[in-house]
Amino acid sequence: MKIIHADFIYTPDGFIKNSAVAFTGTIEEIGTLEVLETKYTEAEIIYTPAHSVLFPGLINTHVHLEFSANKTSLAYGSFNSWLDSVIEHRDDLMGACDNAMMMHECEEMMRSGITTFGAISSFGNELEVCEKTPQRVVFFNELIGSNAMYADMLYGDFEDRVRASQSCDPGSRITPAVAIHAPYSVHPILLQKAVNVAKKNQMPLSAHFLESQEEREWLESNEGTFKAFFRKYFNTSTSVTTIEEFMHAFDTYPTHFAHCVQATPEELDYLHRKGHSIAHCPRSNRYLGCGRLAIEDLALPFSVATDGLSSNDSLNIFDELRAAIMLHNDIPIQELSLQLLRAVTADAAELLGLNCGKIEVGRFADFAVITLPEAPVREEELALWSILHTKKVSQVYIEGEQYV
Ligand code: MCF
Ligand code: FE
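Residues numbered from 1 in each chain as written. Chains lettered and ligands numbered in written order. Predicted model: local features only at pLDDT ≥ 70, side-chain atom pairs only at ≥ 80, totals over all residues. Heavy atoms only, no water.

Comments concerning the coordination of the iron ion (ligand 2)
Surrounding the iron ion (ligand 2) are the protein donor atoms His 62 (NE2), His 64 (NE2), His 208 (NE2) and Asp 307 (OD), at 2.1 to 2.3 Å. Here the donor residues of the iron ion (ligand 2) share one chain and are spaced in sequence as H-x1-H-x143-H-x98-D. One end of the pair, His 208, is in strand 10 (residues 205-209); the other, Asp 307, is in the loop between strand 13 (302-304) and helix 12 (317-327), with 99 residues separating them in the sequence. Classification of His 208 by relative accessible area gives buried; the value is 6%. Judged by its relative accessible area of 3%, Asp 307 falls in the buried class. (Donors = N, O, S within 2.8 Å, 3.2 Å for Na, K, Ca; no water. Helix = DSSP H or I, 4+ residues; strand = E, 2+ residues; numbered from the N terminus. Buried < 20%, exposed > 50% of the residue type's maximum accessible area, 1.4 Å probe, protein only.)

Regarding the site of ligand 1
Around ligand 1, the structure places 14 residues, and the nearest of them are Arg 90, Glu 142, Glu 211, Asp 307 and Ser 310. In this structure, Glu 142 approaches ligand 1 through a side-chain N or O atom, which is 2.6 Å from an oxygen atom. Here ligand 1, which alone exposes 460 Å², has 96% of that area covered by the protein. According to the grid-proximity analysis, the pocket containing ligand 1 is the largest pocket. Per-element accounting of the shell around ligand 1 gives the leading share, three residues, to helix 2 (residues 79-96). (Near = heavy atom within 4 Å. Polar contact = N/O pair within 3.5 Å; in protein donor to acceptor, adjacent residues only side chain to side chain. Areas by Shrake-Rupley, 256 points an atom, 1.4 Å probe, with all protein chains shown as cover. 1 Å grid on protein atoms, 1.4 Å probe; cavity = no way out; pocket = protein on both sides within 12 Å on 5 of 7 lines; lining within 4 Å. Sits in = over half its atoms within 2 Å of the grid points.)

Topic: helix 2
The axis of helix 2 is deflected most strongly, by about 60°, at His 89. The elements touched by buried residues of helix 2 are helix 7 (213-221) and helix 8 (225-234). (Bend = angle between axes of the 7 residues up to and from the residue. Contact = heavy atoms within 4.5 Å.)

What about the pairing of strand 15 (residues 395-398)?
Where burial is concerned, the two faces of strand 15 agree: the one with Gln 395 and Tyr 397 and the one with Val 396 and Ile 398 are both buried. For strand 14 (residues 367-371) and strand 15, the ladder comprises three bridges, and the chain directions are antiparallel. Paired with Val 369 across the bridge in strand 15 is Gln 395. Judged from the two bridges that link them, strand 15 and strand 16 (residues 401-402) form a sheet pairing that is antiparallel. Counted as the bridge partner of Ile 398 is Glu 401 from strand 16. Between the antiparallel neighbours strand 15 and strand 16 lie two residues, among them Glu 399 with a positive phi of about 45°. (Pairing = 2+ DSSP bridges.)

Quick word on the domain arrangement of the chain
Domain assignment breaks the chain into domain 1 (2-56 + 357-402) and domain 2 (58-352). On a C-alpha basis, the centroid separation for the pair domain 1 and domain 2 is 31 Å. Every contact between the two is made by 26 residues of domain 1 and, on the other side, 27 residues of domain 2. Where domain 1 abuts domain 2, roughly 2,100 Å² becomes buried across the two surfaces, and 66% of that area is made up of carbon and sulfur atoms. For domain 1, the biggest contributors to the area lost against domain 2 are Leu 384, Ile 387 and Ile 398; these three give 29% of the whole. (Domains from an automatic or database assignment. Buried area = accessible area lost by both parts, 1.4 Å probe.)

Comments concerning the environment of Val 21
Looking at the secondary structure, you find Val 21 in strand 2 (residues 14-23). For Val 21, a relative accessible area of 0% translates into the label buried. C-alpha of Val 21 to C-alpha of Leu 33: the two residues are 12 residues apart in sequence and 8.0 Å apart in space. Dropping the residues within four chain positions of it, Val 21 is found in contact with Lys 2, Ile 3, Ile 4, Ile 9, Ile 27, Glu 29, Ile 30, Leu 36, Leu 54, Ile 359 and Phe 367.

Description of unusual backbone geometry
Although it is not a glycine, Gln 202 adopts a positive phi angle of roughly 50°. One can find Gln 202 in the loop between helix 6 (188-201) and strand 10. Looking at Gln 202, the relative accessible area reads 61%, which means it is exposed. Positive phi is not limited to glycine here, since Cys 260 has a value of about 55°. With respect to the helices and strands, Cys 260 occurs in the loop between strand 11 (256-259) and helix 10 (265-273). Judged by its relative accessible area of 0%, Cys 260 is buried.

Structural data, given as structure tokens:
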């Protein structure tokens, strides 16, 4: 048994003061240090630095580790030029991205307090790293391919990757999962088969959806900048699906949709009624010229995620939260800060179906300790100060073991 004490603890009921948490691999009890010390006389006591706040480990629901080599190769500014640059540089970027580089990014995430992440994997290249890293990883095996001619081959490869992620050592904390790349890039037959795999195995399911205006235009009217792209690379002038058809394919299984920046209120309402959720990637959306997701109008639950270094400059979740604060400049800042913290903890865990994300008895003992530069003058501003003052966290625990 261990007991950790901090000035403040972020719980589902808000920040509590002068309390401590007793834990093994899971959280056993929350109470005052005196009470817990008396009850668990053998426990190791962990004191955190002055002005610390104990958070549940943070969760980054959507990241592409395979693109970690990108610094300036991919074009930012518009989705169309980004897509072209992915085709041009993808092989080089994949080639330059080795295990050491991906492990470095997992460590970077860890130093920002991320104890769980959702890895979107196109080729399965990052499985070894995800097995080695102490973090929990929801391993989203991505299915991509719009040409029916290659469907069997692509599906076979997808099945192999799913199997590989299912046969990881349980100690590696990997949850096998399924990702559909996007409506414009996945043939409806493949899509349905992949949804069925997720459903049959009760795996988390995710898909990029309505990220850019260009995507919307293509799906709605076979027009816009995607037209030249698909003609050039895929020799086709019609989309494989429509927005409606794609959405309906997920009707019977809750899915975590990335982006949805260009979804209409009616489409968002439909997604909400079907029990879906959104991975909101503010910096990625800004960098690829996709616009802003109006989170102030969202009824459905959402997480906040970094996306990959293919459309970002860091995988630090606090950088992402600070960007979200700047991007959503009309939402009252204290309210937004609280909402963002919930999005990367309790809400993210629930969306991914994991028993973490909350400091609550019975949850995994995954923690991130952040340390403020001084005592907060107004405690009602703790959420905002936590976001603004944290570049790196001071301690990280996963299933009760300390890693930072
Ligand atoms: O989320 C961003 C932007 N939207 C779509 N895809 C990707 C992102 N970052 C990486 N990707 C990958 C995707 O997983 O790009 C590949 C897919 O494998 C090629 S298609 C753009
Ligand atoms: Fe993505």
